[in-house]
Amino acid sequence: SPSSSSSSSSALATPYHWTDADLAALHYAAVENSVRSQRETFLEIHQRVCEHAKAGVQVDEARLVWALEMVLSRAYDSCQPPEQEKGGPLGVLG
């Protein structure tokens, strides 16, 4: 099983959490590119949430990633938040 780059016991065993070496071992560029894009998107979302958080409120990146994975696993057939859907669960970020 792939090693996890996250030390959180609540982290999912999805490719998002795999090491770059584990992803490369798949020899499947589409998955590597998708995971890279998802990581960049989640980092951008985390930065935007932190920018808009109330003073003194800290947003834990691992918990936010977990929440995003939960929402996306149940609401969309893609690993990326919908770009155009402003009314959806992630629309507040757009």
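Residues numbered from 1 in each chain as written. Predicted model: local features only at pLDDT ≥ 70, side-chain atom pairs only at ≥ 80, totals over all residues. Heavy atoms only, no water.

1. Comments concerning the overall build of the chain
Turning to step 1, where the next piece is worked out: Counting its secondary structure elements, the chain contains three helices and zero strands.
Turning to step 2, where the next piece is worked out: When its helices and strands are written in sequence order, the chain yields α-α-α.
Turning to step 3, where the next piece is worked out: Within the chain, contacts between residues at least 6 apart in sequence are counted, and of these 33% link residues at least 24 apart. (Helix = DSSP H or I, 4+ residues; strand = E, 2+ residues; numbered from the N terminus. Contact = heavy atoms within 4.5 Å.)

2. A look at the confidence of the model for the chain
Turning to step 1, where the next piece is worked out: On average, residues of the chain score 79 in pLDDT, and 67% of them are at 70 or above.
Turning to step 2, where the next piece is worked out: Counting interchain partners and residues more than four positions distant, the pLDDT-below-50 stretch residues 4-9 has six contacts. (pLDDT = per-residue confidence, 0-100.)

3. As for helix 2 (residues 29-52)
Turning to step 1, where the next piece is worked out: The first and last C-alpha atoms of helix 2 sit 35 Å apart over 24 residues, in line with the 34 Å expected at 1.5 Å per residue.
Turning to step 2, where the next piece is worked out: Among the residues making up helix 2, those that are buried are Val35, Gln38, Phe42, Ile45 and His46. (Expected span 1.5 Å × (residues − 1). Buried < 20%, exposed > 50% of the residue type's maximum accessible area, 1.4 Å probe, protein only.)

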